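These are the residues of each chain, in order.
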Amino acid sequence: MDIRSLFPILDQTVYGKPLIYFDNAATTQKPQSVIDALNSYYTTLNSNIHRGAHYLAAKATDCYEQTREAVRLFINAKHSHEIVFTRGTTESINLVAASFCQRFLNNGDEIIVSGMEHHSNIVPWQLACERLGGHLRVIPFSDEGILDLNALENLINAKTRLIAVNHVSNTLGTINPIAEIVKIAHSHNIPVLVDGAQSISHMAVDVQSLGCDFYCFSGHKMYAPMGVGVMYGKEELLNEMPPYQGGGEMIKEVTFEKTTYNELPFKFEAGTPSVGDVLGLKAAIDFMNLCGIDNIAAHEKMLTDYASQQLREIEGIRFFGVAPHKTSVISFLIGDTHPYDVGTLLDKLGIAVRTGHHCTQPIMDRYKIPGTVRASFAVYNTREEIDLFIQALQRIAPMLQ
Ligand code: PMP
C-alpha cells in the first residue's frame, strides 16, 4: 500500500521545495478517507443526534454510537459507555480534573504529576487545587528523560488522591512505564490518569492491560479531524463523579427544583457534539487498523533510528530525551543557537519542524534551555525526507555557529 499517496496535503511544494512535514507531534495530516468521511457527513447525513424522530437523526446517531464502539475496541475498554467524546486531550483532562476533584479532592489533599507533562496535564490540576485547597507534587526525571519511580514511591502518602502522567512525552519522546506506575498507585488505592495524546497513534493501547483509570487523547494527533477527542474512564469512577458541564443530552429530568442526570456516557456529553468530527475519527481508526499499529510503530522506529544516527554527525548537536524506550520524537539544539533560527531556516527549505517549549516549560527549566527543535515522524514519512533534512541541517549548522 502506498500510504503517502493517501494524504493529499503532502503532495505540494512550499517556497518551491517539496513539503517535508515533520511536525506530527503537533498534529498529523489526514488521509483522503477521513476528509471524505467529513464531506459525506455534511453532504448526506448532517443532523442532530439522539431523540430525533426522523431518518437522518437516527442514522447520524447510529454512526456516532458505532464510533464509540470502534474506540472501545481500539483501546480495549470493557464498556462502550466508558468512552466519552470531548474536543480533545485538553478538554478530557479538564473534565476529569474538574469532576473527579470536586468529588474526591479535599482541602490539603495532593495530586501527583510528572516533571515532563504538557501544560494540559498540569494547569487543570492547578486550577482544581486552587479551587479546593489541594497541592501538586512532581515526579522528577533523569537527564536522559526517564521518570524516577523511586521518587514516586516517596511522594505518595495518605493525602494523595490521583496520579496524572503522560504515556509519552511530547518533547522528550520517552515512553513511560504506565503499567508499573499503575501497579504502584493501585497498591495505595490511588487512581491513575494517563495523557495519551502522544501514544495513541504510535503504539497499541490496551487500557485494561495498562490498568489505568482514565486515558485521554485527541483525534487530530491520530489522523482524525481537529475538534474531537476521547476521555476513557472506568465505569465505577465515572458513576461516582458529578457532571462536568450542564445542558443538552446530559440530563434525565429537569425541573427548577431539581435536575437528575443521564446515564453514562451521556452524563458527560452536554450539548451538541462535533458529530462530523466523531465520524472522521471512525475513518481514522479504520485507516490505522488497515495499516496495522505494529507496522506503523515499526516504520516509525526505523525512521527514528535512521534520523538519530545521522543527526549525531552534525557538529554541536545536543539531544534532549534519549531514553531507550522512545517514540518518533527527536528534540535537539545545535550548539547554543536559538531553536527558532534553526526552524526558520529549515522552513525556507520546505521542512516543517516545531520550535520552542512545546507547552512543556518545566522541561525547558529542567535543562535550562529556551526551547528545542523538534522533529516528529508519522507513518507517511520516508527515509528520503530524512536525508533531505540532514542535508539541510548540514548546510544550516555552520551558518549559525
Ligand atoms: N498532552 C500532550 C502530551 C500533548 O502533546 C498535547 C498536544 N500537544 C496535549 C496534551 C494537548 O492536546 P490537545 O491540544 O489536542 O488538547
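See above for the structure.
Okay, so let's go over this structure. (Residues numbered from 1 in each chain as written. Predicted model: local features only at pLDDT ≥ 70, side-chain atom pairs only at ≥ 80, totals over all residues. Heavy atoms only, no water.)

As for the site of the ligand
Inspection of the region around the ligand gives T89, T90, H118, S120, N170, D195, A197, Q198, S218, H220 and K221 as its neighbouring residues. Side-chain polar atom of S218 to an oxygen atom of the ligand: 2.7 Å apart, as the coordinates give it. Contact distances for the ligand include 2.7 Å between an oxygen atom and a side-chain N or O atom of H220. Burial of the ligand by the protein amounts to 85% of the accessible area it has alone, namely 390 Å². Taken together, the residues of the shell around the ligand sort by class into one nonpolar, eight polar and two charged. (Near = heavy atom within 4 Å. Polar contact = N/O pair within 3.5 Å; in protein donor to acceptor, adjacent residues only side chain to side chain. Areas by Shrake-Rupley, 256 points an atom, 1.4 Å probe, with all protein chains shown as cover. Nonpolar A, V, L, I, M, F, W, Y, C, P; charged D, E, K, R; others polar.)

What about the environment of N154?
Summarising the element assignment, N154 is placed in helix α5 (residues 149-155). Residue classification places N154 among the exposed positions, given a relative accessible area of 68%. Here the alpha-carbon distance between N154 and I139, two residues 15 residues apart in the chain, equals 9.5 Å. (Helix = DSSP H or I, 4+ residues; strand = E, 2+ residues; numbered from the N terminus. Buried < 20%, exposed > 50% of the residue type's maximum accessible area, 1.4 Å probe, protein only.)

Considerations on the pairing of strand β10 (residues 229-233)
Where burial is concerned, most of β10 is hidden: five out of the five residues are buried. Both faces of β10 are covered, namely the face carrying G229, M231 and G233 and the face carrying V230 and Y232. Relative to β10, strand β4 (residues 83-86) runs antiparallel, the two being bridged by four bridges. When the sheet's bridge partners are listed, V84 is paired in β10 with M231. Bridge count between strand β9 (residues 214-218) and β10: five bridges; the pairing is antiparallel. Its bridge partner being in β10, S218 is matched across the sheet by G229. (Pairing = 2+ DSSP bridges.)

Here we look at the packing of helix α11 (residues 339-348) against helix α13 (residues 383-400)
At a minimum axis distance of 10 Å, the contact between α11 and α13 shows a crossing angle of 130°. Overall, the two elements α11 and α13 adopt an arrangement that is oblique. As α11 packs across α13, the resulting crossing turns out to be right-handed. Of the residues in α13, those in contact with D341, V342, L345 and L346 of α11 are F389, A392, L393, I396, M399 and L400. (Axes fitted to C-alpha atoms, helices over the stretch in contact; angles between N-to-C directions. Parallel < 35°, antiparallel > 145°, perpendicular 65-115°, else oblique. Left-handed = near helix turned anticlockwise from the far one by under 90°. Contact = heavy atoms within 4.5 Å.)

Some points on unusual backbone geometry
Between L264 and the following residue, P265, the backbone shows a cis peptide bond with an omega angle of 0°. Relative to the helices and strands, P265 is located in the loop between β12 (259-261) and α9 (275-291). Phi angles above zero are rare outside glycine, and C359 is one such case at about 55°. With a relative accessible area of 32%, C359 lands in the partly exposed category. A positive phi angle is found at K368, which is not glycine, with a value near 55°.

Geometric values such as these leave the question of function open.
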